[in-house]
Amino acid sequence: MEEFFAGKKFIVTGANAGIGETITKRLVQLGAHVFAVGRDPKKLPPAGPNLTPVCADVGDWDSYDIIKKLGPVHGLVNNAGVAFIESFFDMTQEGWDKTLNINARGIVRISQAVAQNMKDAGIKGSIVNVSSTISERAIPDHTSYCASKGAVNQVTRVMSIELGKLGIRTNNVNPTVVMTKMGAKAWSDPEKSNPILSRIPLGRFAECDDVANVTLFLLSDYSTYVNGVSIPVDGGFLAS
């Protein structure tokens, strides 16, 4: 796997924290060059020999131009996302619009730019979209988030059909709760976390490296015939 990543280029969105930060670090450690995308320049990782910080808001339709100018890469990880925790009756326009724009529309727009560059350069690359188990199994107070991740699953399937003809593979990773700093804080209340944790046969929530491991597999040449699938990274949550 190390030989595959060395010298290749990748884009990771939401690279400033959590899953995106972990994936970025792992790719750099494997010798790849990473364009680390985030909307807050103050939170982006510093530039280095194998890392280029890129300030872009994936929820902005014009982010296409910023990503297109980066040139051809070998892989893309659409990780950027937001969650507004709102009950169905209390859901706001801001919560709905931002969640759908960043989590779903953003994936389409960024992928359009990356896939066009891959096509023009003749690169048979890989795109990995970070979705969620609650794209398939809903939980309360996450209407916009569930909707956005359900959209991600379907967008991935359409991309796999259309881009697959160009040799570009598109897949999902679908984690359960991930113990990022934000995740640990959001799910620290046992009353909230226990109903989900009790349905995970492995008895724990995911760590960032659990998601990174599957993502790296999907980016690499170990998965050259894997296209259009959603891989749960959930310790068996969906099976229980």
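Just so it is clear, the structure is predicted and the values come from calculations on it, not from any experiment. (Residues numbered from 1 in each chain as written. Predicted model: local features only at pLDDT ≥ 70, side-chain atom pairs only at ≥ 80, totals over all residues. Heavy atoms only, no water.)

**Notes on the sheet that holds strand 1 (residues 9-13)**
Definition in use: In this scheme, strands are said to pair when DSSP sees at least two bridges between them. By the criteria applied, helices consist of DSSP H or I runs no shorter than four residues and strands consist of E runs no shorter than two, each listed in order from the N terminus. All axes are obtained by fitting lines to C-alpha atoms, using only the stretch in contact for helices, and the reported angles, taken between N-to-C directions, cover 0 to 180 degrees. Pairs of residues are marked as contacts when any of their non-hydrogen atoms sit within 4.5 Å.
Ordered by their spatial adjacency, 7 strands build an open sheet running 3-2-1-4-5-6-7, and the pairing between neighbours is parallel. Across the chains shown, the open sheet's two edge strands, defined by having one partner strand only, are strand 3 (51-55) and strand 7 (230-233). Each strand axis lies, on average, 20° off the axis of its neighbour in the sheet, ignoring direction. Where strand 4 (residues 75-78) lies against strand 5 (residues 126-130), 4 bridges are found, and the strand directions are parallel. Note on strand 5: the bridge partner recorded for asparagine 78 is asparagine 129. Of the strands in this sheet, strand 1, strand 2 (33-38), strand 3 and strand 4 are in contact with helix 2 (residues 18-29), which crosses strand 1 at around 165°. This element, helix 8 (residues 208-219), spans strand 1, strand 4, strand 5, strand 6 (169-175) and strand 7 of the sheet and lies at about 170° to strand 6.

**Focus on the packing of helix 4 (residues 93-121) against helix 5 (residues 143-164)**
Test applied: Should an angle fall under 35 degrees it is taken as roughly parallel, and over 145 as roughly antiparallel, whereas 65 to 115 is taken as roughly perpendicular and any remaining angle as oblique. Here a crossing is taken to be left-handed if its near helix is turned anticlockwise relative to the far helix by less than a right angle, and right-handed if that turn runs clockwise. Throughout, the ten residues Ala, Val, Leu, Ile, Met, Phe, Trp, Tyr, Cys and Pro are labelled nonpolar, Asp, Glu, Lys and Arg are labelled charged, and all others, Gly among them, are labelled polar.
Packing of helix 4 against helix 5 brings their axes to within 8 Å, and their N-to-C directions diverge by 15°. In terms of orientation, helix 4 and helix 5 fall into the roughly parallel class. Helix-helix and strand crossings are classified by hand; for helix 4 and helix 5 the assignment is right-handed. Residues Gly95, Trp96, Thr99, Leu100, Asn103, Ala104, Ile107, Val108, Ser111 and Ala115 of helix 4 lie in contact with helix 5, whose contacting residues are Thr143, Ser144, Tyr145, Ala147, Ser148, Lys149, Ala151, Val152, Val155, Met159 and Leu163. Here the residues of the contact of helix 4 with helix 5 sort into 13 nonpolar, 7 polar and 1 charged.

**Some details on helix 8**
Each α-helix winds once per 3.6 residues, and so residues spaced three or four apart point in a common direction. To keep it simple, the criterion reads: Working rule for helices: expected span equals 1.5 Å times residues minus one. Accessibility here uses a 1.4 Å probe with only protein chains present; expressed as a share of the type maximum, an area under 20% marks a residue as buried, one over 50% as exposed, and anything in between as partly exposed.
Helix length check: helix 8 (12 residues) gives 16 Å between terminal C-alpha atoms against 16 Å at 1.5 Å per residue, within 8%. Every buried residue belonging to helix 8 is among Cys208, Val211, Ala212, Val214, Thr215, Leu216, Leu218 and Leu219, and all of these are buried.

**With respect to the packing of aromatic side chains**
Keep this limit in mind: Here a Phe, Tyr or Trp ring, Trp counted by its six-membered ring, pairs with any other such ring whose centre lies within 6.5 Å, and the pair is stacked when the planes are under 30 degrees apart, edge-to-face when over 60, and tilted otherwise. Geometrically, a charge over a ring is one whose NZ (Lys) or CZ (Arg) sits within 6 Å of the ring centre while staying within 35 degrees of the ring normal.
Under the defined criterion, the tally for this structure stands at 4 aromatic pairs. Through pairs of rings, three or more aromatic residues link up here, namely Phe4, Phe5 and Phe10. Here the basic side chain of arginine 137 rests over the ring of phenylalanine 237, its NZ or CZ set 4.9 Å away from the ring centre. Between lysine 192 and the ring centre of tryptophan 187, over which it is positioned, the NZ or CZ distance is 4.4 Å.

**Quick look at unusual backbone geometry**
Of note, the phi angle at aspartate 141 is positive, near 70°, even though the residue is not glycine. Turning to its location among the elements, aspartate 141 is positioned in the loop between strand 5 and helix 5.

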